[in-house]
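Fold and geometry: a report
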Amino acid sequence: MRVEVTFFNIVRYYAGMPGMEVELSDAITLGELLQEVGRRVGDKLPVWMWDSQNQAFHRGILMFVNNEQVRDLAHPLHDGSQVSLSVSLSGG
Amino acid sequence: MMDGFGERGQEKLKQAKVFIAGAGGLGSSISIYLAVAGVGQIRIVDRDVVELSNLNRQILHWDKDIARGKAESAGEKLQQMNSDIKIEVIAEDITEDNILKLVGDCQLIVDAMDNFPTRYLLNKAALKRNIPLFHGSVYGLDGMASTIIPGETACLRCMFPEPPPSATFPVVGVTPGIIGCIQATEVIKHIVGIGELLRNRLLVWDGLSTKFRELTVKKDPHCQDCGSR
Ligand SMILES: [Zn+2]
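**Thoughts on the packing of aromatic side chains**
Tallied over the entire structure, the rule returns five aromatic pairs over all chains. Aromatic pair tyrosine 13 of chain A and tyrosine 139 of chain B: ring centres 5.8 Å apart, planes at 35°, arrangement tilted. Of this pair, tyrosine 13 of chain A sits in helix H1 (residues 9-15) while tyrosine 139 of chain B sits in strand S5 (residues 133-139), which puts the two residues in different chains. Classification of tyrosine 139 of chain B by relative accessible area gives buried; the value is 15%.

This is the structure in structure tokens:
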């Protein structure tokens, strides 16, 4: 199956790309996808986004599946799922 | 011709009393459009002074205002734009202790802040007073906006459970102009009572690609700020 990942705002700036497509042999959860994303771009992300020691995104990362906010890392993904990652913005 | 606006809408704007937290980039565009729209009373709070580096985006403050208080500078310009409305300026820090007093009897809160600790205070005050909060935030060429109706929509903490680290942020001057105009649009629609607000909708502006996207946000039953409501 194939999942489309979009990086918004600061995530995009650090990752250096607007997103990526991830090809997977098996169905996975959102949490497992995020680990795969981290393996690919984690070294470009600041420590407050990606915790390289625990191979996990920090709690501040905002996750959306098919444009809906999701808080549960066990959320199942399907072929064609669209995942968006963002963070909150400070500036005013 | 525009249904629902007209003279009655203008009268509702005249009777309205709004609280704007911040007279920076977002606060500039929001307050200018609300003032010229004829919002009867605008209370604007900012304790900072104008710095040279603000002038690329904080269009209420001009070269001659450097080192002057932002609240005073904003009040002067807004009053000149519309002398029929009441502008109140307050040069104070917004804190847990004074926020409810600062909000007073304003019927809505506009979040034009530049930091998350104060944004969360505004969120709590809106929940406590049961009044709407109009959120906007920017970074670089990107921004977000959403309208929070207590008891009905996700609150700011539901949307953003954790703040980003506090650090200086790059902002291209037009970005708070775009997001501030969206916030002002939401405020005017809410006061007049027309259209659909950004309820449970996080509008994401991607200035690098020139795209708006819309994300659905949800009330978090475990939210530390609104969970029991
Ligand atoms: Zn909440």
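**Brief notes about helix H2 (residues 25-37) of chain B**
All names here are of chain B. When the terminal C-alpha atoms of H2 are compared, their 19 Å separation across 13 residues agrees well with the 18 Å that a helix rising 1.5 Å per residue should span. Among the 13 residues in H2, 11 count as buried, and that is most of the element. Those residues of H2 that fall on the buried side of the exposure criterion are Gly25, Leu26, Gly27, Ser28, Ser29, Ile30, Ser31, Ile32, Leu34, Ala35 and Ala37. Immediately downstream of H2, the backbone of glycine 38 shows phi near 95°, a positive value.

**Thoughts on the interface of chain A and chain B**
Listed by partner, the interface residues are 22 residues for chain A and 39 residues for chain B. A per-residue breakdown of the area chain A buries against chain B is headed by Leu89, Ser90 and Gly92 of chain A, which together make up 24% of the total. The interface formed by chain A and chain B holds four salt bridges in total. The shortest N-O distance in the salt bridge between aspartate 220 of chain B and arginine 71 of chain A comes to 3.8 Å. Looking at the side of chain A that touches chain B, the elements that each hand over two or more residues are H1, strand S5 (62-65) and strand S6 (68-70) of chain A. Broken down by element, the residue count for the side of chain A that touches chain B peaks at four residues, all from H1 of chain A.

**Some details on the coordination of the zinc ion**
Residues and elements named next belong to chain B. Within the protein, the atoms that donate to the zinc ion are Cys155 (SG), Cys158 (SG), Cys223 (SG) and Cys226 (SG), at distances of 2.2 to 2.3 Å. Considering all four donor atoms around the zinc ion, the spread of angles at the metal, 96 to 119°, places the coordination shape in the tetrahedral class. Spacing between the donor residues of the zinc ion along the chain follows C-x2-C-x64-C-x2-C. Residue cysteine 155 is located in the loop between strand S6 (142-148) and helix H6 (156-159), and its partner cysteine 226 is located in the segment after strand S8 (211-216); the two are separated by 71 residues in the primary sequence. Of the two residues examined, cysteine 155 and cysteine 226, each falls in the buried class.

**Brief notes about the pairing of S5 of chain B**
Residues and elements named next belong to chain B. Of all the seven residues making up S5, seven are buried; the element is thus mostly covered by neighbouring parts of the structure. Burial along S5 is two-sided: the residues Leu133, His135, Ser137 and Tyr139 and Phe134, Gly136 and Val138 are all buried. Remark: the strand S4 (residues 108-111)/helix H5 (residues 116-129)/S5 crossover connection has right-handed handedness. Once S5 ends, the chain turns through two residues before running back antiparallel as S6, passing glycine 140 with a positive phi of about 60°.

**Concerning the pattern of salt bridges**
Considering all chains together, one arrives at 25 salt bridges over all chains under this definition. Across the salt bridge formed by arginine 59 of chain A and glutamate 162 of chain B, the nearest N and O atoms sit 2.3 Å from each other. Residue arginine 59 of chain A is found in the loop between strand S4 (56-57) and S5, and its partner glutamate 162 of chain B is found in the loop between H6 and helix H7 (174-192); the two belong to separate chains. On the basis of relative accessible area, glutamate 162 of chain B is assigned to the partly exposed category, the value being 28%. The shortest N-O distance in the salt bridge between arginine 213 of chain B and aspartate 206 of chain B comes to 3.5 Å.

**Description of the environment of arginine 199 of chain B**
All names here are of chain B. One can find arginine 199 in the loop between H7 and strand S7 (201-206). Overall, the relative accessible area of 36% leaves arginine 199 in the partly exposed class. Along the primary structure arginine 199 and alanine 154 are separated by 45 residues, whereas in three dimensions their C-alpha atoms are 8.1 Å apart. Apart from the residues lying within four places of it in its own chain, the contact partners of arginine 199 are Thr147, Ile149, Glu152 and Thr153.

**A short note on the packing of H2 of chain B against H7 of chain B**
Helix packing for two helices is described by the angle between their axes and how far apart those axes are. All names here are of chain B. In the contact formed by H2 and H7, the axes pass within 8 Å of each other and the chain directions differ by 40°. In terms of orientation, H2 lies oblique with respect to H7. Between H2 and H7 the crossing geometry is right-handed. Contact with H2, carried on its side by Gly25, Leu26, Ser29, Ile30, Tyr33, Leu34 and Ala37, involves Pro176, Gly177, Ile179, Gly180, Cys181, Gln183, Ala184, Val187 and Ile188 of H7 and no other residues of that element. Across the contact of H2 with H7, the residue classes tally to 11 nonpolar, five polar and no charged.

**A closer look at unusual backbone geometry**
Residues other than glycine seldom take positive phi values, yet glutamine 55 of chain A does so here, at roughly 50°. For glutamine 55 of chain A, the position within the fold is in the loop between strand S3 (50-51) and S4.

**A look at the side chain of lysine 189 of chain B**
Residues and elements named next belong to chain B. With respect to the element layout, lysine 189 can be found in helix H7. At 2.7 Å, the side chain of lysine 189 forms a polar contact with the backbone oxygen of glutamate 196. Excluding anything up to four places from it in sequence, lysine 189 contacts Ile194, Gly195, Glu196 and Leu197.

Criteria and thresholds
- Residues numbered from 1 in each chain as written.
- Chains lettered and ligands numbered in written order.
- Predicted model: local features only at pLDDT ≥ 70, side-chain atom pairs only at ≥ 80, totals over all residues.
- Heavy atoms only, no water.
- Phe/Tyr/Trp six-rings, centres within 6.5 Å; stacked < 30°, edge-to-face > 60°.
- Helix = DSSP H or I, 4+ residues; strand = E, 2+ residues; numbered from the N terminus.
- Buried < 20%, exposed > 50% of the residue type's maximum accessible area, 1.4 Å probe, protein only.
- Expected span 1.5 Å × (residues − 1).
- Contact = heavy atoms within 4.5 Å.
- Buried area = accessible area lost by both parts, 1.4 Å probe.
- Salt bridge = Lys/Arg side-chain N within 4 Å of Asp/Glu carboxyl O.
- Donors = N, O, S within 2.8 Å, 3.2 Å for Na, K, Ca; no water.
- Tetrahedral: all angles 85-135°; square planar, octahedral: opposite > 155°, others 65-115°.
- Right-handed = clockwise from strand over helix to strand, strands pointing away.
- Pairing = 2+ DSSP bridges.
- Axes fitted to C-alpha atoms, helices over the stretch in contact; angles between N-to-C directions.
- Parallel < 35°, antiparallel > 145°, perpendicular 65-115°, else oblique.
- Left-handed = near helix turned anticlockwise from the far one by under 90°.
- Nonpolar A, V, L, I, M, F, W, Y, C, P; charged D, E, K, R; others polar.
- Polar contact = N/O pair within 3.5 Å; in protein donor to acceptor, adjacent residues only side chain to side chain.

Interpretation note: all reported values are geometric properties and have no functional meaning in isolation.
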